[in-house]
Amino acid sequence: MGPHPAVAAIRLAVRRVLHDILTDDSCSSTTGEHAGGRIVARRTRSVGDIPGQSPNERPPSPLVLVACSGGADSMALASALAFEAPKLGVRAGGITVDHGLQPGSDLRAEEVVVRLRELALDPVESISVTVGRDGGPEAAARDARYAALDAAAERHGATAVLLGHTRDDQAETVLLGLARGSGIRSLSGMAAVSGAGGRYRRPFLQLDRQTARKACMVQSLQVWDDPHNADPAYTRSRLRHEGLPALEKALGKGVVEALARTAQLSRDDADALDTWASQAEASVRDAAGLLECAKLYALPPAVRRRILRRAAIEAGAPAGSLFARHIEEVDRLITGWRGQGVINLPGKVVAQRQGGRLVIRQG
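The notes below deal with the structure included here. (Residues numbered from 1 in each chain as written. Predicted model: local features only at pLDDT ≥ 70, side-chain atom pairs only at ≥ 80, totals over all residues. Heavy atoms only, no water.)

**Side note on the overall build of the protein chain**
Here is step 1: Check the secondary structure of the protein chain and you find 12 helices and 12 strands.
Here is step 2: The globule rule puts the C-alpha radius of gyration for 363 residues at 21 Å, and the 23 Å found for the protein chain is close to it.
Here is step 3: Dimensions of the protein chain, computed from the C-alpha atoms along their principal axes, are close to 70 × 60 × 40 Å.
Here is step 4: Summarising the internal contacts of the protein chain: among those between residues at least 6 apart in sequence, 65% fall at separations of at least 24.
Here is step 5: As displayed, the protein chain offers around 18,600 Å² of accessible surface, 53% of which is attributable to carbon and sulfur atoms.
Here is step 6: If you average the places of the 47 positive and of the 41 negative side-chain charges in the protein chain, the two averages end up 4 Å apart. (Helix = DSSP H or I, 4+ residues; strand = E, 2+ residues; numbered from the N terminus. Rg over C-alpha atoms; globule rule 2.2 N^0.38 Å. Contact = heavy atoms within 4.5 Å. Areas by Shrake-Rupley, 256 points an atom, 1.4 Å probe, with all protein chains shown as cover. Lys, Arg positive; Asp, Glu negative; His and termini not counted. Charge placed at Lys NZ, Arg CZ, Asp CG, Glu CD.)

Quick look at the structure:
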């Protein structure tokens, strides 16, 4: 008799991702790969690249880490990784991040470390972080968490880090993007592959939250339910417990699946537009590298605004603080020119029109 269907589902999802990681890791240093819809150059280690290793030695197996909070989603992911990795010759470890936002968070992090070690993961590490205030509590915690995971991956030489985001998380992310009115890229939600060199992998984006919880239950895995996930002070919590249930009541079941499908379709469209903008950018710059307003005007708005956004970021505007309204104001220097003055952007960046050219620079 095989495993419970929920356990089989999470293991299959992880097995597929591990196969992808092994395929990516075996590519040559000049291979172009898709990472979250972007083409990235990936350099894989070859024999002799690793300090202290002779050319005749076999390189070590790739290491894959799981980011685990102790919740049902990430514990299910950790258990599936622990089961599948040895069969594919992959080393498996775990990282838990202590955000220090709740009393006893350090003790809870140590409990997660114990559970990960019980799954025979190695290495296992708990990392304490200091959460700032930029962008609000949720964004600040996320930034601190990813910084810690990046550092851990570099420190341990990990090929990839698995994240436990589910289809439900994807639906919530799409709705949050819709509420912000930030455009099609926000509607594309979370990528299955993201981060530098495709570091982050999300195997569960096609699985619902209940499948992960059921897998934990039938395997007798202890899980911790973060009280922040039920705290109405947090936007995502309100959306999860009030917004989505209201939508399902009004529109019927299947809303989560439809939103996740919207994310994928939006991502495909956004990736195509990003590619178009990247190819068009060189054609709208003069010999000095300045953007020519007449040539920008001739481009479709979706392509033009992507070029403007990229130029603002290159000038020093923080991507996370650069919103659609900022780009619209810059765009009006091209499409609605009436002698406007300087446009102030985040990061002390300014945009202005001078002699038919658009100048975006540090103010």
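That was the structure; now back to the text.
**Topic: helix 8 (residues 235–251)**
Here is step 1: At His 241, helix 8 shows its maximal kink, close to 30 degrees; a proline, Pro 245, follows between one and four residues later.
Here is step 2: For helix 8, the complete set of buried residues consists of Ser 237, Leu 239, Arg 240 and Leu 244.
Here is step 3: Phi turns positive, to about 95 degrees, at Gly 252, one or two residues after helix 8. (Bend = angle between axes of the 7 residues up to and from the residue. Buried < 20%, exposed > 50% of the residue type's maximum accessible area, 1.4 Å probe, protein only.)

**Regarding the sheet that holds strand 5 (residues 124–128)**
Here is step 1: The strand order 5-4-3-6-8-7 describes an open sheet built from six strands, whose pairing is mixed. In this open sheet, the two edge strands, each paired with only one partner strand, are strand 5 and strand 7 (193–194).
Here is step 2: The sheet contact formed by strand 3 (residues 63–67) and strand 4 (residues 91–98) spans five bridges and is parallel. Within strand 4, the position partnered with Val 64 by the bridge is Ala 92.
Here is step 3: Sheet strands touched by helix 2 (residues 72–84): strand 3, strand 4 and strand 6 (160–162). Its angle to strand 3, the strand with the most contacts, is close to 160 degrees.
Here is step 4: Across the sheet, helix 3 (residues 105–118) is in contact with strand 4 and strand 5; its angle to strand 4 comes to roughly 170 degrees. (Pairing = 2+ DSSP bridges. Axes fitted to C-alpha atoms, helices over the stretch in contact; angles between N-to-C directions.)

**Quick word on the nonpolar core**
Here is step 1: If you look at the biggest cluster of nonpolar residues, it comprises 35 residues, and the most contacted ones within it are Val 14, Leu 18, Leu 81, Leu 121, Leu 162 and Phe 204.
Here is step 2: Contributions of two or more residues to this core are made by helix 1 (5–25), strand 3, helix 2, helix 3, strand 6 and helix 7 (209–218).
Here is step 3: Look past the residues within four positions of Val 14 in its chain and what remains in contact with it is Leu 77, Ala 80, Leu 81, Glu 84, Leu 162, Pro 203 and Phe 204.
Here is step 4: The next biggest cluster of nonpolar side chains, apart from the first, holds 25 residues, and it includes Ala 277, Leu 296, Ile 327 and Val 349. (Core = buried A, V, L, I, M, F, W, Y, C linked by side-chain atoms within 4.5 Å.)

**Let's talk about the packing of aromatic side chains**
Here is step 1: Evaluation of the coordinates by the stated rule reveals one aromatic pair.
Here is step 2: Aromatic side chains Tyr 146 and Tyr 200 sit 5.1 Å apart centroid to centroid with 90 degrees between the ring planes, which places their arrangement in the edge-to-face category. Taken together, the positions of Tyr 146 in helix 4 (residues 137–156) and Tyr 200 in strand 8 (residues 200–201) put the pair 54 residues apart, joining distant regions of the chain.
Here is step 3: Over the ring of Phe 83 we find Arg 11; its NZ or CZ atom is 3.5 Å from the centre of that ring. (Phe/Tyr/Trp six-rings, centres within 6.5 Å; stacked < 30°, edge-to-face > 60°. Lys NZ or Arg CZ within 6 Å of the ring centre and 35° of its normal.)

**Quick word on the sheet that holds strand 11 (residues 349–354)**
Picture the strands of a sheet paired through backbone hydrogen bonds; they go either parallel or antiparallel.
Here is step 1: The sheet built from four strands is open, its strands ordered 9-12-11-10 with antiparallel pairing. Of all the strands in the sheet, just strand 9 (291–292) and strand 10 (343–345) have a single pairing partner and so form its edges.
Here is step 2: Where strand 10 meets strand 11, three bridges bridge the pair, whose relative direction is antiparallel. The residue of strand 11 that forms the bridge with Asn 344 is Val 350.
Here is step 3: The sheet contacts of helix 11 (residues 301–314) involve strand 9, strand 10, strand 11 and strand 12 (357–362), and relative to strand 12 the element is tilted by about 35 degrees.

**Side note on the packing of helix 8 against helix 9 (residues 255–281)**
Here is step 1: Following both chains from N to C, one finds helix 8 and helix 9 inclined at 105 degrees, their axes separated by 9 Å at the closest point. Taken as axis vectors, helix 8 and helix 9 run roughly perpendicular relative to one another. Of helix 9, the residues touching helix 8 (which contributes Leu 244, Leu 247, Glu 248 and Leu 251) are Val 255, Val 256 and Leu 259. (Parallel < 35°, antiparallel > 145°, perpendicular 65-115°, else oblique.)

**Focus on the environment of Arg 338**
Here is step 1: Tracing the backbone shows Arg 338 in the loop between helix 12 (324–335) and strand 10.
Here is step 2: Owing to a relative accessible area of 67%, Arg 338 belongs among the exposed residues under this scheme.
Here is step 3: Within the structure, the side chain of Arg 338 is placed 3.2 Å from the backbone oxygen of Gly 336, a separation counted as a polar contact. (Polar contact = N/O pair within 3.5 Å; in protein donor to acceptor, adjacent residues only side chain to side chain.)

**Digging into the pattern of salt bridges**
Here is step 1: Inspection of every chain in the model, using the stated rule, returns 27 salt bridges.
Here is step 2: A salt bridge links Asp 208 to Arg 167; the nearest nitrogen and oxygen atoms lie 3.6 Å apart. Here the residue Asp 208 occupies a position in the loop between strand 8 and helix 7, and Arg 167 occupies one in helix 5 (residues 167–180), the gap between them amounting to 41 residues.
Here is step 3: Residue Glu 257 is joined to Arg 167 by a salt bridge in which the shortest nitrogen-to-oxygen separation is 3.7 Å. Of this pair, Glu 257 sits in helix 9 while Arg 167 sits in helix 5, placing them 90 residues apart in sequence.
Here is step 4: Here Glu 257 falls in the partly exposed class, since its relative accessible area comes to 33%.
Here is step 5: With relative accessibility at 16%, the residue Arg 167 sits in the buried group.
Here is step 6: A cluster of three or more residues bridged by salt bridges with shared partners is formed by Asp 169, Glu 172, Arg 209, Arg 236 and Arg 240. (Salt bridge = Lys/Arg side-chain N within 4 Å of Asp/Glu carboxyl O.)

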